[in-house]
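Read off the chains here:
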Amino acid sequence: MPLRHCLPILMVTLFVTGCASNTTIAPRYTTDNPDLLRIGGERPSNPDVWTENAGSFCIEVTERWSEHGKTPDGQVLWAKDTLRKVVPCR
């Protein structure tokens, strides 16, 4: 009987302490590979579409740059999205 009354109180206490201890991770806007992420400036040009032979099928690869938000000082974050699609080999 006492466990039935203590269990809800314990659950609420654990929930509140878990939410209160949440810390925010400070973002870091650097990368060792500028082919994936660029900061500021104009939108980079998209590379040409190419096809990779994967043996019994081929993969068409399309890469494009898109805006993924802004830094705290207002610079645009450009990230490269890579799309792959299975196509017949020619």
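Here, the structure is the one placed above.
A. Seen up close, the state of the cysteines. With the rule as written, the count across this model stands at one disulfide. The disulfide partner of Cys58 is Cys89, and the gap between their sulfur atoms is 2.0 Å. Measuring the twist about the S-S bond at about 110 degrees, one finds the Cys58-Cys89 disulfide to be right-handed. In this pair, Cys58 sits in strand E3 (residues 58-70) while Cys89 sits in the segment after strand E4 (76-87), placing the two residues 31 residues apart along the sequence. On the basis of relative accessibility, which here comes to 6%, the residue Cys58 falls in the buried class. Judged by relative accessible area, Cys89 falls into the partly exposed class, the value being 37%.

B. Quick look at the sheet that holds E4. Read across the open sheet, the four strands follow the order E1-E4-E3-E2; overall the sheet is antiparallel. Each edge of the open sheet carries a strand with a single partner, namely strand E1 (37-39) and strand E2 (50-53). Here the average twist between neighbouring strands, direction ignored, is 30 degrees. Summarising the sheet, E2 and E3 pair through four bridges and their orientation is antiparallel. Bridge assignment links Trp50 to a residue of E3, and that residue is Val61.

Reading guide: rules and limits
Residues numbered from 1 in each chain as written. Predicted model: local features only at pLDDT ≥ 70, side-chain atom pairs only at ≥ 80, totals over all residues. Heavy atoms only, no water. Disulfide = S-S within 2.5 Å. Helix = DSSP H or I, 4+ residues; strand = E, 2+ residues; numbered from the N terminus. Buried < 20%, exposed > 50% of the residue type's maximum accessible area, 1.4 Å probe, protein only. Pairing = 2+ DSSP bridges. Axes fitted to C-alpha atoms, helices over the stretch in contact; angles between N-to-C directions.

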